[in-house]
Amino acid sequence: MNLKKLGLLLTAAAVGLPAVPVTAMAAGEMFIPLLVYRTGPYAPNGIPAANGMVDYLKLLNARDGGINGVKLVWEECETKYNTKLGVECYEKLKKKGPTGAAIVNPFSTGITYQLIPKAFVDKVPIHSMGYGRTAAGDGRVFKWAFTAPTSYWSQATAFIKYVGEQEGGLDKLKGKKITLIYHNSAYGKEPIPTLKILAEKHGYDLGLLAVDHPGQEQKSTWLQIRRQKPDYIFMWGWGVMNQVAIKEAAAIKFPMDKFIGVWWSGSESDVRPAGEAAKGYKAANFHGVGPSYDIHQQILKTIYKGDVEAAKKNNWGEVLYNRGLTNMVYDTEAMRTAMGKFGNKPMTGEQVRWGMENLNLTQDKLTKLGFKDFMQAHRITCEDHEGGGPVIFQQWDGKQWKLISKWYKPMYDIVREQVEKEAAKYAKENNITPRDCSKEG
């Protein structure tokens, strides 16, 4: 099947969305596979993220002629947030285009876990932005995987710092009850080791309540919440699980300003179903909210010809749309960085991997791209594929999300120690000799 018969078009037709035209690939174009889920129980979250990624790629082509004159071509493959389907999508798309896949975003922790070993063999970089296997932040072991700008473990520490500040200091957490409600999957279990370490360090009582996929049945979970009466709830959910949990929290009158979600539990689709009851709910984030940034105006003008309603139909400015933009900034600027060394031509996965590992997103660069005040400057290195980017918190005011906090630097000393420990374990189990980054060019 050639690129005139894209999975993107098939997906669009299947869910009644406007098809995104993508021309057949020429030798001078660079191919980006997009693993998406526009259908299934997690579609309300998957659709805006996919729209954000596609709009940014379309903008680069229309505004800049691609990257340094190299046009971008992409194809969507529907995973339904299913690990098996995600791996099939990867296998289908990894060799497409004149140089193969430039980079892959699994957009699922389960899929990421399965693709990391394949990346070593296929030489295709994996970017699991703010999700996936946190230990992949150690680039000495995980040469082909990147978690930038921040990770689940970093977010867990930022959450504790934020809650500590709300209480008047980390020392005030002693004796407090903090409950983690988590998606019963590899994704949901990621923060548990870090939260346990911090519980021992700061003296809070950590409760753990798992919610099975897809998360529509939570009555027993919230009965336990009523009995335990935690001071704070941290929700590590996804899709319908978030909507149900917020409604259940409102039903038992749990204070919403002490109910805080992971950055995958803080989208418009999570709060709108609960109506006014969701007002005050909070969530973590690592980028701006709303459509008020320069990048949104550029997209509105270039892609939607000034039609605000058309843009909004494609989730323009929503939290997960903005996350899609953020994701593509990292990936495309890694390509640009790679071109600085290898020339202005379609990059191979191996060259993009080098570009990602040497990526330096300065504030000046972000401003020129349209992202002033939208995200923090960030740098990735051979040793550190995460970079410990800061976390910010947002709150739902009943109509929209608003940023309500300063940027919190994670407790990166704690996180990095655990990252290196787990990476070393993975290396031993898989017979990987860690790289000597001082010898990398």
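Analysis parameters
Going along each chain's sequence as written, the residues are numbered from 1 onward. This being a predicted model, a pLDDT of at least 70 is required before a residue's local features are given, and a value of 80 or more before pairs of side-chain atoms are given or counted; all residues contribute to the totals for chains, interfaces and linings. For the side-chain quantities, the full set of heavy atoms in the structure was used; hydrogens and water were omitted. Residues enter a nonpolar core if they are buried and are Ala, Val, Leu, Ile, Met, Phe, Trp, Tyr or Cys, with the set joined through side-chain atoms within 4.5 Å. Note on exposure labels: buried denotes an accessible area under 20% of the residue type's maximum, exposed denotes more than 50%, and partly exposed covers the range between, all computed with a 1.4 Å probe on protein chains only. Here a strand is any run of E in DSSP of at least two residues, a helix any run of H or I of at least four, and the numbering for each starts at the N terminus. Any two residues whose heavy atoms approach within 4.5 Å at even a single point are treated as in contact. Two cysteine sulfur atoms form a disulfide, by the criterion used here, when they sit within 2.5 Å. Helix span is expected to be 1.5 Å times the residue number reduced by one. Note on pairing: DSSP must find at least two bridges between two strands before they are called paired. A fitted line through C-alpha atoms represents every axis, and for helices the fit uses only the stretch in contact; the resulting angles, taken between N-to-C directions, go from 0 to 180 degrees. By definition, the crossover connecting two strands over a helix is right-handed if that path, from the first strand to the second, turns clockwise as seen with the strands pointing away from the viewer. The arc refers to the directions leading from the helix axis to the C-beta atoms.

Caption draft 1: Summary view of the nonpolar core. Membership of the largest hydrophobic core comes to 91 residues, with the highest contact counts inside it found for Tyr-56, Trp-264 and Phe-371. Ranked by the residues each element gives to this core, the list is headed by helix α13 (residues 319–342), at 10 residues. In terms of nonpolar packing, the next biggest core, distinct from the first, is built from 23 residues, Leu-209, Ile-225, Ala-245 and Val-319 among them.

Caption draft 2: Representation of the side chain of His-202 within the structure. With respect to the helices and strands, the residue His-202 is situated in helix α7 (residues 192–202). Excluding residues within four positions of it along the chain, His-202 makes contact with Ile-160, Leu-170, Leu-173, Lys-174 and Met-411.

Caption draft 3: Region of the structure containing the state of the cysteines. Enumeration over the complete set of coordinates arrives at two disulfides. Two residues share a disulfide in this structure: Cys-77 and Cys-89, whose sulfurs sit 2.1 Å from each other. The disulfide joining Cys-77 to Cys-89 has a torsion of about -75° about its S-S bond and is therefore left-handed. Here Cys-77 is found in strand β2 (residues 72–78), whereas its partner Cys-89 is found in helix α3 (residues 83–93), with 12 residues between them in sequence. Across the disulfide, Cys-382 is cross-linked to Cys-437 (sulfur-sulfur distance 2.0 Å).

Caption draft 4: Fine view of helix α16 (residues 412–429). For α16, with 18 residues, the first-to-last C-alpha span of 25 Å sits near the 26 Å given by 1.5 Å per residue. Turning to α16, its buried residues are Ile-414, Val-415, Arg-416, Gln-418, Val-419, Ala-423, Tyr-426 and Ala-427. Tucked inside the fold, the buried residues of α16 contact α4 (109–122), α5 (152–167) and α7. Phi turns positive one or two residues past the end of α16, at Asn-431, with a value near 55°.

Caption draft 5: View of unusual backbone geometry. Cis rather than trans, the peptide bond between Ala-148 and Pro-149 has omega equal to 10°. Tracing the sequence through the fold places Pro-149 in the loop between β4 (145–146) and α5. With an omega of -5°, the peptide bond running from His-213 to Pro-214 counts as cis. Looking at the element boundaries, Pro-214 is found in the loop between β6 (205–211) and α8 (219–228). Positive phi, normally seen in glycine, also occurs at Lys-123, with a value near 60°. Along the chain, Lys-123 falls in the loop between α4 and β3 (126–127). The class for Lys-123 is partly exposed, based on a relative accessible area of 42%. A positive phi angle is found at Asn-315, which is not glycine, with a value near 70°. As for its placement among the helices and strands, Asn-315 is situated in the loop between α12 (308–313) and α13. Note on Asn-315: relative accessible area 12%, which makes it buried.

Caption draft 6: Seen up close, the sheet that holds strand β12 (residues 392–396). Reading across from one edge, β6-β5-β7-β8-β9-β12-β13 is the order of the seven strands in this open sheet, with mixed pairing throughout. With partners counted over all chains shown, the strands left at the sheet margins are β6 and β13 (401–403), one partner each. Sheet twist, expressed as the mean angle between neighbouring strand axes with direction ignored, is 25°. Here four bridges tie strand β9 (residues 282–285) to β12, and the two strands are oriented antiparallel to one another. Pairing of Ala-283 across the sheet is with Gln-394, part of β12.

Caption draft 7: Just the pairing of β2, in detail. Here β2 lies mainly inside the structure; seven of its seven residues are buried. Along β2, one buried face is formed by Leu-72, Trp-74, Glu-76 and Glu-78 and the opposite face, lined by Val-73, Glu-75 and Cys-77, is buried too. With seven bridges joining them, strand β1 (residues 30–36) and β2 adopt parallel strand pairing. In the sheet register, Val-36 faces β2, and the bridge partner there is Glu-78. Tracing the backbone out of β1, into helix α2 (residues 43–64) and back to the parallel element β2 gives a crossover that is right-handed.

Caption draft 8: Seen up close, the environment of Met-335. Summarising the element assignment, Met-335 is placed in helix α13. For the pair formed by Met-335 and Met-356, sequence separation is 21 residues and the distance between their alpha carbons is 7.5 Å. Setting aside residues up to four positions removed in sequence, Met-335 forms contacts with Met-30, Ile-32, Ile-67, Leu-72, Ala-102, Ile-103, Met-347 and Val-352.

Caption draft 9: Fine view of α3. Listed in full, the buried residues belonging to α3 are Gly-86, Val-87, Cys-89, Tyr-90 and Leu-93. Buried residues in α3, looked at end-on, bunch into an arc of 155°, giving them a common side. Check the buried side of α3 and you find it contacts β1, β2 and α4.

Geometry only, nothing functional implied.
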